[in-house]
Amino acid sequence: MGIFPFPFQQRVLANGLQVVAVPFDSPGLAAHWIIVRVGSRNEIEPGLSGFAHFFEHMMFRGTPRYPEDRYHAALKRLGADSNAFTSDDLTAYHTLAAAESLPEIMDLESDRFMNLRYEREAFQKEARAVLGEYNKNFSFPEVMIEEKLFETAFRVHPYQHTTMGFLRDIEDMPNQYDYSLSFYDRYYRPEHCILLVVGDIESDEVFALAEKHYGPWKRGITQIRIPQEPPQVEQRQVALSWQNPTLPILTLGYHVPAFSTRAREMPALDLISRITFSDTSPLYRRLVLEEQIAESLVGGAGDHRDPTLFVIQTHAKARALLGRVREAIESSLRELRESRVDEARLQATKSHLRYAFAMRLDSADSVASILAHILQLTADPGGYEELYATYDSLSAEDLQAVARQVFRDENRTVVTLTAAEVPQEGEAT
């Protein structure tokens, strides 16, 4: 049996919409996902970052057939759990409901993907809500660090801004009503989307319903080119000051390749992340448990369609300890470059990866979420088989080679954040 144990079927409608059906033992329940393979990666025009996330909000504004109140009332009547999220590479709309409700869910969802309508006033109101969300998120220093890290490490690729977008662009969103209509027209098209249904279903019934409700959806015509980031040739560094009390935070970002199920780099970095930066690693034990000079330690790279960053972050216990914590991290990276990881630990980490994956396959919605991840990256529901075969094939020599390739000084961006100095009584401010 493969890593993904459930059979699936897929078809592509004439309009380009990919439909994936996964019968799963969840009596009476079905998960309906629309995966839009569009995220902040696709925001290529200067001054217009954040629109993928913003459009997630607008998609709940209703249509002529199902105005906002009627849409939500229908979901409530069906007892459906419905929500959405946006990341760098996708926007996903997911609904968990009774399987017998699938025809009505498809009617509701296909309608808003084809016939969304909103007026300028509603658009501007939602733009102000997004600004409020940005301000709420940025009450956390880690979010400010993430924004500055990616803005510094990337010069041309849209990953230079977070999914929320630059603040200056969010503040200007109320003036971009016309652009929002063109964004919807450009990206909310069947060739950019995948319909995924998991649960107590018959695949043929899913395909028939998809043809009925999503078949009339028209293809788009716009083609875009995502700018590619040139190699970084020297270290970049930023020091941030936080106005409220906080532990000092050190963040290191290294450029890494795009996700691939075949190439060894990203799977090798997944293993390095667990071996070197997890809470069972020697480095974590030393910094957090034994010497107690750091409050936390994490390190890893999220899966992305384009090259991204491997990010290492730690909260030091005091500003004076930042240098010591950094030297310990860099010493571990040197060790990765200069010697091979322990073979027994490598094999145990591979085994843990497999078990952790299997443990998540426990409900229709969880299975859909896991499949949505590989679909947004590769459009291939069978991609996990190749990915885990690649994990299995990796040797200690492979991890060392990738560490030498990635953990180089000139490939690094460093962001430190410390609390602002508080003036003593009698000092000028």
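Residues numbered from 1 in each chain as written. Predicted model: local features only at pLDDT ≥ 70, side-chain atom pairs only at ≥ 80, totals over all residues. Heavy atoms only, no water.

Trainee: Honestly, the sheet that holds strand 2 (residues 18-23) in this entry has me stumped. Any pointers?
Mentor: Sheet strands line up and pair through hydrogen bonds in the backbone, either parallel or antiparallel. Taking strand neighbours across the sheet as the criterion, the six strands line up as 1-2-6-3-5-4 in an open arrangement whose pairing is mixed. The sheet is open, and its two borders are formed by strand 1 (9-12) and strand 4 (81-86), each paired with just one other strand. Adjacent strand axes in the sheet meet at a mean angle of 15°, parallel and antiparallel pairs treated alike. One ladder, built from six bridges, connects strand 2 with strand 6 (residues 193-199); its direction is parallel. If you follow Ala21 over to strand 6, its bridge partner there is Val197. Running over the sheet, helix 3 (residues 102-115) touches strand 3 (29-36), strand 5 (91-98) and strand 6 and is turned about 155° from strand 5. Against the sheet, helix 13 (residues 364-378) contacts strand 2, strand 3, strand 5 and strand 6, and its axis sits at roughly 20° relative to strand 3. (Pairing = 2+ DSSP bridges. Helix = DSSP H or I, 4+ residues; strand = E, 2+ residues; numbered from the N terminus. Axes fitted to C-alpha atoms, helices over the stretch in contact; angles between N-to-C directions. Contact = heavy atoms within 4.5 Å.)

Trainee: Any chance you could explain the pattern of salt bridges here in plain terms?
Mentor: Close approach of charged atoms allows side chains with opposite charge to pair. On inspection of all chains with the given rule, the structure shows 24 salt bridges. Residues Arg186 and Glu45 are paired through a salt bridge, measuring 2.6 Å at the closest nitrogen-oxygen approach. With Arg186 in helix 7 (residues 177-187) and Glu45 in the loop between strand 3 and helix 1 (51-58), this residue pair connects regions lying 141 residues apart in the sequence. The exposure class of Glu45 is partly exposed, given its relative accessible area of 23%. Among the ionic pairs, Glu386 bridges to Arg262, the shortest N-O distance being 2.9 Å. Residue Glu386 is located in helix 14 (residues 383-393), and its partner Arg262 is located in the loop between strand 8 (249-256) and helix 9 (265-277); the two are separated by 124 residues in the primary sequence. A residue is classified by how much of its surface remains accessible, and Glu386, at 32% relative accessible area, is partly exposed. Counted as one network, the salt bridges with shared partners bring together Arg326, Glu330, Asp409 and Arg412. (Salt bridge = Lys/Arg side-chain N within 4 Å of Asp/Glu carboxyl O. Buried < 20%, exposed > 50% of the residue type's maximum accessible area, 1.4 Å probe, protein only.)

Trainee: Help me understand the packing of aromatic side chains, please; the structure alone is not making it clear to me.
Mentor: Within a pair of aromatic rings, the relevant descriptors are the distance that separates the centres and the angle that separates the planes. This structure, assessed with the given rule, holds 33 aromatic pairs. Ring plane angle 80° and centroid distance 5.3 Å describe the contact between Phe310 and Phe407, whose orientation is recorded as edge-to-face. On the criterion of sequence distance, the pair formed by Phe310 in strand 10 (residues 308-316) and Phe407 in the loop between helix 15 (396-406) and strand 11 (412-419) is long-range, its members being 97 residues apart. Residue placement shows Arg112 over the ring face of Phe60; its charged tip is 4.6 Å from the ring centre. One Lys or Arg, Arg168, reaches over the ring of Phe166 and ends 4.3 Å from the middle of that ring. (Phe/Tyr/Trp six-rings, centres within 6.5 Å; stacked < 30°, edge-to-face > 60°. Lys NZ or Arg CZ within 6 Å of the ring centre and 35° of its normal.)

Read these as layout, nothing more, since geometry by itself doesn't imply function.
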